[in-house]
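Examination of the molecular architecture
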Amino acid sequence: MAIKVSIVGASGYTGIELLRILNLYKEVELVQIISREFEGKALKEVFPFFISTKFSDIKFDKEPDLDSADIYFLAIPHEPAVELAKKILDKNKKVIDLSAAYRIKNFNAYPEFYGFEHSYKELLDKAVYGLPEIHRDKIKNANLIANPGCYPTATLLALYPALKENIIDSDTIIVNALSGISGAGRGLKQKFHYPEAFSNSFAYNPTKHRHIPEMEDQINQISGKDIKVRFTPHILPVSRGMISTVNFKTNLNKKDLIELYRLEYRYEPFIRFQKTPPEIKYVIGSNYCDIYVDLDERTGYAVVITAIDNLGKGASSQAMQNFNLIVGIEEEKYLKNLSEISIIYP
Ligand SMILES: NC(=O)C1=CN([C@@H]2O[C@H](COP(=O)(O)OP(=O)(O)OC[C@H]3O[C@@H](n4cnc5c(N)ncnc54)[C@H](OP(=O)(O)O)[C@@H]3O)[C@@H](O)[C@H]2O)C=CC1
Ligand SMILES: CC(=O)N[C@@H](CCC(=O)OP(=O)(O)O)C(=O)O
């Protein structure tokens, strides 16, 4: 029997990416796509590139029907996702939430970093952080998946082996990251207007970004230590793609450092080791995280660099990896194929 899924926020960038990937799934019946703006319009009318897909004629609904699907993808802003996830879970359905509504166990981070009070502490405690490389076993049995943010995905994958094996000798980790503009969603913003963003690059929120508590929460859970993140995000004038460059002190030599990472990730289907710093071009459209591990022997700092697609491993294809784990489909299914078609050179 087909697994019934619904996408709330199907007209946004991550929602569209979910549709692109779900189009491959033979096991799935798409019962609803939700957008308030496009209510009543067919998918192919709003997004003509879906014309040749099996979803071309499905029409947008304004409100989700909480009885019709087995699994709901929430690709909407954080605050409305808090309430909607609660209502869906009350109907004994499953939620894969792409927003930050259930990502951070530290309850107090919500008013400080997101500007709203979180009403469901007990659900926050139950939510499973959907980074399969770290929480695979818990994800399989979860009802509520908090799909990670794009910067936290790239950064935590650069840190996980080092945190797990306790080789970090600093109480602060320095992270510099770059994101394509689609990370900011589909809404119009002056800074991302073509004349201002094209041929430009700039840092933003250099001392206080809302992904800091999400990263520190996971770092604390993995290492058991109170390690801080010194995080500076930057905008790149591209649509998609993200780089995270992570620096931390370690006593390990270069050979052992690289060996530790390779050993930890040896069975991970979506982690690809690179011998040179990874490039966003080669992960676009994929669920891969390309990784480069090195040691600056002059300073004793490890330098780990990851590249992902912010809409892929940083959002929608990662949500599908979580979906595969929840429903018991082979974890790599459809997602490996996805990346093969992403090789576009030059
Ligand atoms: N873009 C990225 O790289 C990443 C985004 N995310 C998260 O995923 C979620 C979606 O992001 P993204 O696709 O970029 O966002 P977009 O701005 O591109 O799309 C937002 C979607 O949500 C709907 N929406 C907006 N406001 C509301 C509301 N109040 N209630 C219900 N639906 C609403 C919109 O449709 P309509 O207004 O028509 O209803 C639209 O479909 C966000 O929580 C974001 O933080 C996570 C990781 C990466
Ligand atoms: C370029 C850009 O603006 N990026 C977003 C992050 C996108 C993301 O990961 O979304 P969540 O809000 O779901 O965590 C930002 O910095 O806020």
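Note that the structure is predicted; figures quoted are calculated from it, not measured. (Residues numbered from 1 in each chain as written. Chains lettered and ligands numbered in written order. Predicted model: local features only at pLDDT ≥ 70, side-chain atom pairs only at ≥ 80, totals over all residues. Heavy atoms only, no water.)

1. So, the site of ligand 1
Inspection of the region around ligand 1 gives 26 residues, with Ser11, Thr14, Ser35, Arg36 and Ile76 positioned closest. In this structure, an oxygen atom belonging to ligand 1 sits 2.7 Å away from a main-chain N or O atom of Ile76. One of the backbone nitrogen or oxygen atoms of Arg186 is found 2.9 Å away from an oxygen atom of ligand 1. Within the complex, 80% of the 890 Å² of free accessible area of ligand 1 lies under protein. If you list the elements that add at least two residues to the shell around ligand 1, you get helix 1 (13-22), helix 3 (78-90) and helix 11 (312-327). Here the residues of the shell around ligand 1 are counted per class, giving 10 nonpolar, 12 polar and four charged. Taken together, domain 1 (3-148 + 312-340) and domain 2 (150-308) each give at least three residues to the shell around ligand 1, which thus spans both. (Near = heavy atom within 4 Å. Polar contact = N/O pair within 3.5 Å; in protein donor to acceptor, adjacent residues only side chain to side chain. Areas by Shrake-Rupley, 256 points an atom, 1.4 Å probe, with all protein chains shown as cover. Helix = DSSP H or I, 4+ residues; strand = E, 2+ residues; numbered from the N terminus. Nonpolar A, V, L, I, M, F, W, Y, C, P; charged D, E, K, R; others polar. Domains from an automatic or database assignment.)

2. Describing the UniProt feature "domain: Semialdehyde dehydrogenase NAD-binding" (unreviewed entry) in the protein
Per the UniProt record, "domain: Semialdehyde dehydrogenase NAD-binding" (unreviewed entry) is annotated on residues 4-142. Summarising residues 4-142: 35% helix, 17% strand, and an end-to-end C-alpha distance of 17 Å. (UniProt positions renumbered as here; feature names shortened; annotations may be inferred.)

3. What about the site of ligand 2?
Neighbouring residues of ligand 2: 15 residues in total, closest Arg103, Cys150, Tyr204, Arg210 and His211. Tyr204 places a polar side-chain atom, nitrogen or oxygen, 2.6 Å from an oxygen atom of ligand 2. Side-chain polar atom of His209 to an oxygen atom of ligand 2: 2.7 Å apart, as the coordinates give it. About the coverage of ligand 2: the protein hides 87% of its 440 Å² of free accessible area. Split by residue class, the shell around ligand 2 holds six nonpolar, seven polar and two charged. When residues of the shell around ligand 2 are sorted by domain, at least three fall in each of domain 1 (3-148 + 312-340) and domain 2 (150-308).

4. Overview of helix 3
Its 13 residues give helix 3 an end-to-end C-alpha distance of 19 Å, which sits within 8% of 18 Å, the value for a rise of 1.5 Å per residue. Turning to helix 3, its buried residues are His78, Ala81, Val82, Leu84, Ala85, Ile88 and Leu89. Buried positions along helix 3 lie against strand 1 (3-8), strand 4 (71-74), strand 5 (94-97), helix 4 (109-114), helix 5 (121-126) and strand 7 (144-146). Positioned one or two residues after helix 3, Asn92 has a phi angle of 60°, which is positive. (Expected span 1.5 Å × (residues − 1). Buried < 20%, exposed > 50% of the residue type's maximum accessible area, 1.4 Å probe, protein only. Contact = heavy atoms within 4.5 Å.)

5. Focus on the environment of Asp296
Along the chain, Asp296 falls in strand 13 (residues 289-296). Taking relative accessible area as the criterion, Asp296 reaches 27% and is therefore assigned partly exposed. Through-space distance from the C-alpha of Asp296 to that of Ile219 is 23 Å; in sequence the pair is 77 residues apart. A distance of 2.9 Å separates polar atoms of two side chains, one belonging to Asp296 and the other to Thr299.

6. Things to note about the packing of aromatic side chains
Under the defined criterion, the tally for this structure stands at 14 aromatic pairs. Plain terms: the ring middles of Phe38 and Phe47 are 6.2 Å apart, the flat faces sit at 75° to each other, and that makes the pair edge-to-face. Ring geometry for Tyr110 against Tyr114: centres 5.5 Å apart, planes inclined by 35°, an arrangement best described as tilted. Taken as a pair, Tyr110 and Tyr114 lie in helix 4 at a separation of four residues, close to a single helical turn. For the pair formed by Tyr110 and Tyr114, the shared burial category is buried. Through pairs of rings, three or more aromatic residues link up here, namely Phe38, Phe47, Phe49, Phe50 and Phe60. Above the ring of Phe113, the side-chain terminus of Lys208 is found at 5.0 Å from the ring centroid. (Phe/Tyr/Trp six-rings, centres within 6.5 Å; stacked < 30°, edge-to-face > 60°. Lys NZ or Arg CZ within 6 Å of the ring centre and 35° of its normal.)

7. Comments concerning the packing of helix 1 against helix 11
The N-to-C vectors of helix 1 and helix 11 enclose an angle of 45°; their axes lie 8 Å apart at closest approach. The angle between helix 1 and helix 11 places the two elements in the oblique class. Our pair here, helix 1 against helix 11, has a crossing hand that is right-handed. Note on element contacts: helix 11 touches helix 1 through Ala315, Ser316, Ser317, Ala319 and Met320, opposite Thr14, Glu17, Leu18, Ile21 and Leu22. Of the residues assigned to the contact of helix 1 with helix 11, the class counts are six nonpolar, three polar and one charged. (Axes fitted to C-alpha atoms, helices over the stretch in contact; angles between N-to-C directions. Parallel < 35°, antiparallel > 145°, perpendicular 65-115°, else oblique. Left-handed = near helix turned anticlockwise from the far one by under 90°.)

8. Topic: the side chain of Asn287
Inspection of the secondary structure assignment puts Asn287 in the loop between strand 12 (271-273) and strand 13. Within the structure, the side chain of Asn287 is placed 2.7 Å from the side chain of Ser317, a separation counted as a polar contact. Among the polar contacts made by the side chain of Asn287, one reaches the main-chain amide nitrogen of Gln318 at a distance of 3.3 Å. Ignoring sequence-local partners within four residues, the contact set of Asn287 consists of Phe270, Gly312, Lys313, Ser317, Gln318, Gln321 and Leu335.

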